[in-house]
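Next come the chains, spelled out residue by residue.
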Amino acid sequence: MITVTHRRYVPYAHAHYAGNLVDGAYSLGLFGDVATEVCIQLDGDEGLFASYDDVQFKAPIQAGDVLEIVGTVTRMGTRSRTIAFESRVVCRGTGGSAASVLDEPIVAVTATGTVVVPAKQ
């Protein structure tokens, strides 16, 4: 199958909660970006997100973090593709402009999603 990886810096402007925490939906939006690339690579079309299953918020994401978003296709139907997603913190903001590269990434969010693409002509 196929795996797509994106990396993204989490700006301080996206913090919504005390401790510079970012809402859990932030990763879901990034999963959508990865799913779009998956559909383009496999089908030449951006596709449409149909559903999420089994979303798990496992660790906090903070402003100043660098995230690695990974999507791996686990099933391909005629028009649907099932993708396993993982959002990992690979660098942790430590305040101000300081940050640390983590020895081991922190898995922050996991989910399974289904996308659909147009029928082949």
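Please read these numbers as outputs of a predicted model, since none were measured by experiment.

## Digging into the environment of tyrosine 26
Assignment of secondary structure puts tyrosine 26 in helix 1 (residues 25–43). In the structure, tyrosine 26 is positioned 83 residues away from valine 109 in sequence and 9.9 Å away in space, judged by C-alpha atoms. With near-sequence residues (within four places) excluded, tyrosine 26 lies in contact with Arg8, Tyr9, Val10, Pro11, His14 and Leu67.

## Description of unusual backbone geometry
Positioned with a positive phi, aspartate 54 is a non-glycine residue whose angle comes to about 50°. Topologically, aspartate 54 is positioned in strand 2 (residues 48–57). With relative accessibility at 53%, the residue aspartate 54 sits in the exposed group.

## A closer look at the UniProt feature "domain: HotDog ACOT-type" (unreviewed entry) in the chain
Here the UniProt feature "domain: HotDog ACOT-type" (unreviewed entry) sits at residues 1–121. Overall, residues 1–121 shows 16% helix and 52% strand. The separation of its end C-alpha atoms is 22 Å.

## A word on the pairing of strand 4 (residues 80–95)
Sheet topology note: the strand 3 (residues 66–76)/strand 4 ladder contains 10 bridges and is antiparallel. Counted as the bridge partner of glycine 71 is phenylalanine 85 from strand 4. Summarising the sheet, strand 4 and strand 5 (residues 98–116) pair through 14 bridges and their orientation is antiparallel. Bridge pairing links arginine 88 to valine 107 in strand 5. Counting the residues between successive antiparallel strands, the hairpin from strand 4 to strand 5 contains two residues, one of them, glycine 96, with a positive phi of roughly 60°.

## Details of the pattern of salt bridges
Using the criterion set out here, one finds seven salt bridges in the structure. A salt bridge links aspartate 33 to arginine 8; the nearest nitrogen and oxygen atoms lie 3.4 Å apart. Taken together, the residues span a long stretch of sequence, with aspartate 33 in helix 1 and arginine 8 in strand 1 (residues 3–9) at a distance of 25 residues. Aspartate 33 gets classed as partly exposed once you look at its relative accessible area, which sits at 33%. Classification of arginine 8 by relative accessible area gives partly exposed; the value is 35%. In this structure, arginine 92 and aspartate 65 form a salt bridge, with 2.7 Å as the shortest nitrogen-oxygen distance. With arginine 92 in strand 4 and aspartate 65 in the loop between strand 2 and strand 3, this residue pair connects regions lying 27 residues apart in the sequence. With a relative accessible area of 16%, arginine 92 lands in the buried category. What emerges from the salt-bridge pattern is a single network uniting Arg7, Glu68, Glu86 and Arg88.

## Thoughts on the side chain of threonine 110
Within the fold, threonine 110 resides in strand 5. In this structure, threonine 110 is in contact with Asp54, Val55, Gln56, Lys58, Phe85 and Glu86, ignoring residues within four places of it in sequence.

## Remarks on the pairing of strand 3
Consecutive side chains along a regular strand alternate between the two faces of the sheet. The sheet contact formed by strand 1 and strand 3 spans seven bridges and is antiparallel. Opposite arginine 8, over in strand 3, you have leucine 67 as the bridge partner.

Reading the values: rules and limits
Residues numbered from 1 in each chain as written. Predicted model: local features only at pLDDT ≥ 70, side-chain atom pairs only at ≥ 80, totals over all residues. Heavy atoms only, no water. Helix = DSSP H or I, 4+ residues; strand = E, 2+ residues; numbered from the N terminus. Contact = heavy atoms within 4.5 Å. Buried < 20%, exposed > 50% of the residue type's maximum accessible area, 1.4 Å probe, protein only. UniProt positions renumbered as here; feature names shortened; annotations may be inferred. Pairing = 2+ DSSP bridges. Salt bridge = Lys/Arg side-chain N within 4 Å of Asp/Glu carboxyl O.

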